[in-house]
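Per-entry structural report
What follows is each chain in one-letter form.
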Amino acid sequence: MQGTSANACAHFLMVPSEGKSTIMSIDVLAVDVGKALDSVDEWLNSYITQPHEQLGRPGAVCPFVAPARRVHAVETAVRLVGPVASLSLIKEVIRCGLDEFEQFDWRTSNPTLRSLLIVLPDLPPDAFVLLDEAHAQVKTESVERGLMIGQFHPDCDEPAARNPAFKVSRSPVPLVAVRAMAVHDILFLGERADWFAEYHRRFGERYRSRPHGIAPLLTTLYHKALTLHGPGGTPDDRRATG
C-alpha cells in the first residue's frame, strides 16, 4: 500500500498546541488531552531518555530521543478513537500517521532524528490488544515505506531486543511511534524475508563498504539474516557471510 487517501484522513484536524502538533478528531469527546500530553512528556523524560538496568545494554532506553528533542525533531499528535475503538479504525490512524510522517515539514535535516508520536488518550484498556494487532498488521506496510512503527501502552508485552524478559514498550498513555528505518533495525527486521529484503535494500551497501562503523552485534545479525533468507543482493553479500 502506497498510503492512505486524503479523504480517509480528512476527519482529523491539525491544531497547534504549545509547539506540538495536536491532531484531534472532529468528533471530540470529553478527554483531558493536556494531562495525556503531560504524561507522555514525563515518560520521555524519566524513562525513554534514561538508562534502565534491565535493558541489556548501556545507554538510554532509546538513545535517539534526547538528541531529537534538542533539535525539535519529535512531533506529537493526538487522535481520539471514540468509545468503541475498532481494529480497522486503529489501523487507519496508524496509516494516516505514516502519510503524515512523510509529508511533514520537519525542522531538522537529519532524517534519523525525526519521530512522530501518535497519542491515543481515550483508547480503553480492553482495546490495547487491538493496538497490538493493528501494529502487527500495518508493520509490513511501514517497512515497505522505509518506516518503523512501535506500539506502546500500559500492558504492552513487547520485549527488549537484548533482554526478552524486560517489557520495554510500556507507557502511561497508549501511543504509536513512527520514525525512519535505521541501521540498528536489523534487530527487528531479520526474522522475515520480506522485512529483511527492505532492510537489505537500504543498508546492504553500508555493510559492504563501511563495516567497521557498525556495531558487531548488528553485523552478526545482518549476516545471519542474509544466510537465512538467501543473498537477496550481490555476490559480495555471499562472500561477506563466509
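Everything quoted here is computed from the prediction, not taken from an experiment.

The first and last C-alpha atoms of helix α4 (residues 87–103) sit 24 Å apart over 17 residues, in line with the 24 Å expected at 1.5 Å per residue. Taken residue by residue, α4 has I90, K91, V93, I94, R95, C96, G97, L98, D99, E100 and F101 as its buried positions.

Our focus in this paragraph is the confidence of the model for the chain. For the chain, per-residue confidence averages 86 on the pLDDT scale, and residues scoring 70 or more make up 83% of the total. Counting contacts from residues 1–8, a segment whose pLDDT is below 50, to residues more than four positions away or on other chains yields 13 contacts. Below pLDDT 50 for its whole length, residues 233–242 participates in 13 contacts with residues either more than four positions away or in separate chains.

This part covers the sheet that holds strand β8 (residues 175–180). Strand order in the open sheet formed by four strands is β3-β4-β8-β5, with mixed pairing between adjacent strands. For this open sheet the edge positions go to β3 (74–78) and β5 (147–152), each flanked by a neighbour on one side alone. The sheet shows a mean angle of 20° between the axes of neighbouring strands, direction not considered. Across five bridges, the pairing between strand β4 (residues 115–119) and β8 is antiparallel. Opposite L117, over in β8, you have A177 as the bridge partner. Lying over the sheet, α4 contacts β4, β5 and β8, oriented at roughly 150° with respect to β4. Packing against the sheet, helix α5 (residues 128–144) makes contact with β5 and β8, and its axis sits at approximately 175° to β5.

This next bit is on the packing of α4 against α5. At a closest axis distance of 9 Å, the pairing of α4 and α5 adopts a crossing angle of 40°. With respect to their mutual orientation, α4 and α5 come out oblique. Of the two elements, α4 crosses α5, and the hand of that crossing is right-handed. Residues L87, I90, K91, I94, R95 and L98 of α4 form the contact with α5, whose own contacting residues are L130, L131, E133, A134, H135, Q137, V138, E141 and S142. A class-by-class count of the residues in the contact of α4 with α5 yields eight nonpolar, three polar and four charged.

Scoring rules and cut-offs
- Here the residue numbers are simple positions, counted from 1 along each chain's written sequence.
- Totals for whole chains, interfaces and linings use all residues, but because this is a predicted model, local features are given only for residues with pLDDT of at least 70 and pairs of side-chain atoms are given and counted only at 80 or more.
- In computing side-chain values, all of the structure's heavy atoms are included and hydrogens and water are not.
- Helix and strand definitions here come from DSSP, where helices need a minimum of 4 consecutive H or I residues and strands a minimum of 2 consecutive E residues; each element is numbered from the N-terminal end.
- The length a helix should cover is 1.5 Å for every residue beyond the first.
- Think of it in three bands: residues with accessible area under 20% of the maximum for their type are buried, residues over 50% are exposed, and the middle band is partly exposed, with areas taken using a 1.4 Å probe on protein chains only.
- Here pLDDT means the predictor's own confidence in every residue, given as a number from 0 to 100.
- Any pair of residues with heavy atoms lying within 4.5 Å of one another is described as a contacting pair.
- The rule for pairing is simple: two strands pair if DSSP sees at least two bridges between them.
- All axes here are fitted lines through C-alpha atoms, helices being fitted over the stretch that makes contact, and every angle between N-to-C directions spans 0 to 180 degrees.
- Note on terminology: angles under 35 degrees are roughly parallel, angles over 145 are roughly antiparallel, angles of 65 to 115 are roughly perpendicular, and the others are oblique.
- Each crossing gets its handedness from the near helix: less than a right angle anticlockwise from the far helix is left-handed, clockwise is right-handed.
- Under this grouping Gly is polar, as are all residues other than the nonpolar Ala, Val, Leu, Ile, Met, Phe, Trp, Tyr, Cys and Pro and the charged Asp, Glu, Lys and Arg.

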